[in-house]
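Now for the letters of each chain:
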Amino acid sequence: MTDVSPDRGAAGGQHHPLTGDLTEEDRATITRNSSVYVYEAPVRLWHWINAAAILVLCVTGYLIGRPLPSVEMSEATHQFVFGYIRFAHFAAAMIMTVGFFGRIYWSFVGNHHSRQMFKLPLLNRHWWAEVWDEARWYMFLNKRPKKYVGHNPLAQVAMFFFMTVGMTFMIVTGFAIYAEAEGAGSLLETVLGPLRDLVGGSQTMHQIHRLGMWAIVIFMIIHIYAAIREDIMSRQTMVSTMISGTRTFKDDDPD
Ligand code: HEM
Ligand code: HEM
């Protein structure tokens, strides 16, 4: 029997399996150029605004949970420190929420990389193999990383759970606490009040909202470490890609 593998091209050369969310179109581009336009302007703008909002939310959120000692610097009327901290938290919360809806909209109209953060190809065995491969690379067990045009599969898993699910969680729990101050009869309280009762009341909702913060802090630490590490050690650019939108490859090996 002749071995006719669908992976072999007409010329008889080995066709490498697709990595990450690479399409044939992407492959054609990287064999012509060493740079590919990956993250469109709205994605990049959202990334940095969202990162800034989350930073403000973590710092002010921490201070809401563990307030600074009250020091009387002036007459109470002129001193509004905790009020400003809460205001900053709520302002950043609104920015993050509107931004997240905008980002969801962009996943429908943007390029295929803009959809990666919202879906995991769980039934694709090749994708799982790449998640494992990337994990091995992070654990210093693989000598050579793979090339990815969009997010690598491990980053995709982290972004899905910590950001897509994580931000939804923070928005829902945050607004469920916020609803209480809006008061009975308000739209927010009508929609989210029952959820607060379901988890066991305001105190529990505060607690799970705070727990969510620690999950996001863990993501931030790993994410920034990985972005900088990959910028140095991988075969492609990272940080500049989230600034200019363009990914540049350091070698032109076809795999
Ligand atoms: C990444 C996003 C966010 C983080 C890290 C975060 C973090 C926190 C933390 C740590 C607390 C203190 C909880 C406690 O110990 O009692 C808090 C309180 C609160 N957060 Fe957030 N939060 C986020 C998003 C939001 C959003 C989207 C809203 C929606 C309006 C929101 C509304 C609130 C409210 C109403 C409180 C209670 C304020 C108070 O009791 O004075 N948060 N947040
Ligand atoms: C609070 C801080 C941050 C958060 C919450 C955050 C979140 C995210 C998210 C959700 C994505 C996916 C973007 C998308 O598909 O739309 C992403 C990608 C990325 N972020 Fe961040 N980010 C933060 C800070 C940073 C910082 C400080 C850097 C640079 C050192 C950075 C570098 C990158 C890079 C390079 C990518 C693209 C990775 C890739 O191409 O696979 N991020 N970030």
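The structure we're discussing is the one just above.
Residues numbered from 1 in each chain as written. Chains lettered and ligands numbered in written order. Predicted model: local features only at pLDDT ≥ 70, side-chain atom pairs only at ≥ 80, totals over all residues.

## With respect to the overall build of the protein chain
Then comes step 1: Counting secondary structure elements, the protein chain contains 8 helices and 2 strands.
Then comes step 2: The N-to-C order of helical and strand elements in the protein chain reads α-β-α-α-α-α-α-α-α-β.
Then comes step 3: Taken over the C-alpha trace, the protein chain has a radius of gyration of 23 Å; the compact-globule value for 255 residues is 18 Å, which it surpasses by more than 25%.
Then comes step 4: Looking at the protein chain residue by residue over its 255 residues, the buried ones come to 19%.
Then comes step 5: Across the protein chain, every contact between residues at least 6 apart in sequence was considered, and the portion connecting residues at least 24 apart equals 67%. (Helix = DSSP H or I, 4+ residues; strand = E, 2+ residues; numbered from the N terminus. Rg over C-alpha atoms; globule rule 2.2 N^0.38 Å. Buried ≥ 20, exposed ≤ 12 C-beta atoms within 10 Å, placed from the backbone. Contact = placed C-beta atoms within 7 Å.)

## Let's talk about the site of ligand 2
Then comes step 1: Neighbouring ligand 2 are 22 residues, the closest being Ala51, His151, Met163, Ala227 and Met242.
Then comes step 2: For the shell around ligand 2, the secondary structure elements donating two or more residues are helix H2 (41-65), helix H5 (153-182), helix H7 (202-233) and helix H8 (241-244).
Then comes step 3: In terms of residue count, H2 provides more of the shell around ligand 2 than any other element does, 6 residues in total.
Then comes step 4: For the shell around ligand 2, the residue count by class is 15 nonpolar, 7 polar and no charged. (Near = placed C-beta within 6 Å. Nonpolar A, V, L, I, M, F, W, Y, C, P; charged D, E, K, R; others polar.)

## Focus: the packing of H2 against H7
Then comes step 1: One way to put it is that H2 packs onto H7 with a least axis distance of 11 Å and a crossing angle of 140 degrees. The angle between the axes of H2 and H7 places the two elements in the oblique class. Note on packing geometry: the crossing formed by H2 with H7 is left-handed. Taken together, the residues of H7 that come into contact with H2 (itself represented by Ile54, Cys58, Gly61 and Gly65) are Arg210, Met213, Ile216 and Val217.
Then comes step 2: Here the residues of the contact of H2 with H7 are counted per class, giving 5 nonpolar, 2 polar and 1 charged. (Axes fitted to C-alpha atoms, helices over the stretch in contact; angles between N-to-C directions. Parallel < 35°, antiparallel > 145°, perpendicular 65-115°, else oblique. Left-handed = near helix turned anticlockwise from the far one by under 90°.)

## Notes on the site of ligand 1
Then comes step 1: Neighbouring ligand 1 are 24 residues; Gly61, Gly65, Ala93, Gly174 and His206 lie closest to it.
Then comes step 2: Secondary structure elements with two or more residues in the shell around ligand 1: H2, helix H3 (81-109), H5 and H7.
Then comes step 3: For the shell around ligand 1, a count of residues per class yields 15 nonpolar, 7 polar and 2 charged.

## Here's the deal with H7
Then comes step 1: Taking 1.5 Å as the rise per residue, H7 with 32 residues should run 46 Å; its terminal C-alpha atoms sit 46 Å apart, in good agreement.
Then comes step 2: For H7, the set of buried residues is Met205, His209, Gly212, Ile216 and Glu230.
Then comes step 3: At its buried positions, H7 is contacted by H2, H5 and helix H6 (187-199). (Expected span 1.5 Å × (residues − 1).)

## Some thoughts on the environment of arginine 44
Then comes step 1: Mapped onto the fold, arginine 44 is located in helix H2.
Then comes step 2: It is 23 Å that separates the C-alpha atoms of arginine 44 and alanine 215, two residues lying 171 residues apart in sequence.
Then comes step 3: The contact partners of arginine 44, leaving out residues within four places of it in the chain, are Tyr39, Met242, Ile243 and Gly245.

## Regarding the nonpolar core
Then comes step 1: Among the nonpolar cores identified, the biggest contains 7 residues, and these are Ala53, Ile54, Leu57, Ala92, Ala93, Met96 and Ile216.
Then comes step 2: Elements with a contribution of two residues or more to this core: H2 and H3.
Then comes step 3: In this structure methionine 96 touches Asn50, Ala53, Ile54, Leu57 and Met167, once residues within four positions along its chain are discounted.
Then comes step 4: Grouped together as the second largest cluster of nonpolar side chains are 6 residues, Leu22, Val36, Val38 and Tyr39 included. (Core = buried A, V, L, I, M, F, W, Y, C linked by C-beta atoms within 7 Å.)

## Focus: the environment of leucine 68
Then comes step 1: Locating leucine 68 in the fold gives a position in the loop between H2 and H3.
Then comes step 2: For leucine 68, a count of 9 C-beta atoms within 10 Å translates into the label exposed.
Then comes step 3: C-alpha of leucine 68 to C-alpha of phenylalanine 82: the two residues are 14 residues apart in sequence and 8.4 Å apart in space.
Then comes step 4: Setting aside anything within four residues of it in sequence, one finds leucine 68 in contact with Leu63 and Val81.

## So, unusual backbone geometry
Glycine aside, negative phi is the norm for most residues, and most peptide bonds take the trans geometry.
Then comes step 1: Its identity as a non-glycine residue notwithstanding, phenylalanine 140 has a phi of 65 degrees, on the positive side.
Then comes step 2: Its place among the elements puts phenylalanine 140 in the loop between helix H4 (125-138) and H5.
Then comes step 3: What makes phenylalanine 140 exposed here is the crowd of 8 C-beta atoms within 10 Å.

## Brief notes about the packing of H5 against H7
Then comes step 1: Their axes nearest at 9 Å, the elements H5 and H7 cross at an angle of 150 degrees. Overall, the two elements H5 and H7 adopt an arrangement that is roughly antiparallel. Between H5 and H7 lies a crossing whose hand is left-handed. Note on element contacts: H7 touches H5 through Ser202, Met205, His206, Ile208, His209, Gly212, Ala215, Ile216, Phe219, Ile222, His223 and Ala226, opposite Ala155, Ala158, Phe162, Gly166, Phe169, Met170, Thr173, Gly174, Ala176, Ile177 and Glu180.
Then comes step 2: Of the residues assigned to the contact of H5 with H7, the class counts are 14 nonpolar, 8 polar and 1 charged.

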